[in-house]
Amino acid sequence: MATTNERIVPGPVDPEDTVNDFLSIAELVSEPDLARLYTYILQHGPVEVQAIKTDLDLPHSTAYKYLDRLEEMEILTRHDNQRPTTVTVDPIHVQLETDHGPVAVTPVLVDAIGRQVDTEDIRVFVERQGIPKLAAALHYTHRVNAGELTQRTAANKLDVHPVEAMTVITALQDVIEDAVDYDPFLEYTEE
């Protein structure tokens, strides 16, 4: 749970915008199809809407519904001056200070959540353990990749069956490897 201190944040703060941003990120990380679309656009943008529909096998109405939601979140930009219209998304970075230390939400986490749609090992893990445990698994996968932990030690820290933990860590290593190309905040999540 995030805490509030008696600190004063320098500069003007708009609590309404801050909470709206937080809710947008919460929506993005709680819906795998939306997360998958976001990551696809981040990786391929600027990208044509038709390419999105074709590559992600999305019906026309679903594609536009999700694009509208990303636009409402103010992380998607439509480039209507181009024909055909293209879209881009901004890389997100939200850092929360919690009782357990800082937690960062960056595109690599969004990608991991979106991969549930296509990667059975991640989907099964999330079905059994939930998104918070997936975020923890991603954290430990970063540490495994950095040589700070072995997969076995990371599995023990994750506190799930070792085979389940090592399976998801292996799947998340692919996510991190891909994220090097599109997540400008990746180095910050490896701390």
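As the structure is a prediction and not an experimental result, all values here were calculated from the model.

A. Molecular detail of helix α6 (residues 120-129). Taken together, the buried positions of α6 are occupied by Ile 122, Phe 125 and Val 126. Buried residues of α6, viewed axially, fall in a sector of 95°; they line one side. Of the exposed residues in α6, those oriented more than 90 degrees away from the buried face are Glu 120, Glu 127 and Arg 128. Lining the buried residues of α6 we find α5 (107-114), α7 (131-145), α8 (151-158) and α9 (162-179).

B. A look at the pairing of strand β2 (residues 76-79). The alternating pattern of β2 places Leu 76 and Arg 78 on a buried face and Thr 77 and His 79 on a face that is not buried. What sits between β2 and strand β3 (residues 86-89) in their antiparallel hairpin is a turn of six residues.

C. Highlighting a negative patch on the surface. There is a patch of like negative charges on the surface, built from Asp 14, Glu 16, Asp 17, Asp 21 and Glu 74. Inspection of the secondary structure puts Asp 14 in the segment before α1 (15-30). Of the residues examined, Asp 14 reaches a relative accessible area of 37% and is grouped as partly exposed.

D. Examining the side chain of Arg 115 more closely. Mapping Arg 115 onto the fold places it in the loop between α5 and α6. Among the polar contacts made by the side chain of Arg 115, one reaches the side chain of Asp 178 at a distance of 2.6 Å.

E. Region of interest: the nonpolar core. Of all hydrophobic cores here, the largest spans 54 residues; its most connected members are Ile 41, Ile 52 and Leu 70. In terms of residue count, the dominant contributor to this core is α9 (eight residues). Residues in contact with Ile 41, not counting those within four places in the same chain, are Val 47, Ile 52, Leu 67, Leu 70, Leu 76, Val 87, Thr 88 and Val 89.

F. Quick look at the packing of α8 against α9. Two numbers describe how α8 lies on α9: the axes approach to 9 Å, and their chain directions differ by 115°. As judged from the angle between their axes, α8 and α9 are roughly perpendicular. For the pair α8 and α9, the crossing hand works out as right-handed. Contact with α8, carried on its side by Gln 151, Arg 152, Ala 154, Ala 155 and Leu 158, involves Pro 162, Ala 165, Met 166, Val 168, Ile 169, Thr 170 and Gln 173 of α9 and no other residues of that element. Of the residues belonging to the contact of α8 with α9, the class tally is eight nonpolar, three polar and one charged.

So, how was this worked out
- Residues numbered from 1 in each chain as written.
- Predicted model: local features only at pLDDT ≥ 70, side-chain atom pairs only at ≥ 80, totals over all residues.
- Heavy atoms only, no water.
- Buried < 20%, exposed > 50% of the residue type's maximum accessible area, 1.4 Å probe, protein only.
- Helix = DSSP H or I, 4+ residues; strand = E, 2+ residues; numbered from the N terminus.
- Arc of directions from axis to C-beta.
- Contact = heavy atoms within 4.5 Å.
- Pairing = 2+ DSSP bridges.
- Patch = residues over 30% accessible without salt bridge, like charges linked within 9 Å, V, L, I, M, F, W, Y side chains within 5 Å.
- Areas by Shrake-Rupley, 256 points an atom, 1.4 Å probe, with all protein chains shown as cover.
- Salt bridge = Lys/Arg side-chain N within 4 Å of Asp/Glu carboxyl O.
- Lys, Arg positive; Asp, Glu negative; His and termini not counted.
- Charge placed at Lys NZ, Arg CZ, Asp CG, Glu CD.
- Polar contact = N/O pair within 3.5 Å; in protein donor to acceptor, adjacent residues only side chain to side chain.
- Core = buried A, V, L, I, M, F, W, Y, C linked by side-chain atoms within 4.5 Å.
- Axes fitted to C-alpha atoms, helices over the stretch in contact; angles between N-to-C directions.
- Parallel < 35°, antiparallel > 145°, perpendicular 65-115°, else oblique.
- Left-handed = near helix turned anticlockwise from the far one by under 90°.
- Nonpolar A, V, L, I, M, F, W, Y, C, P; charged D, E, K, R; others polar.

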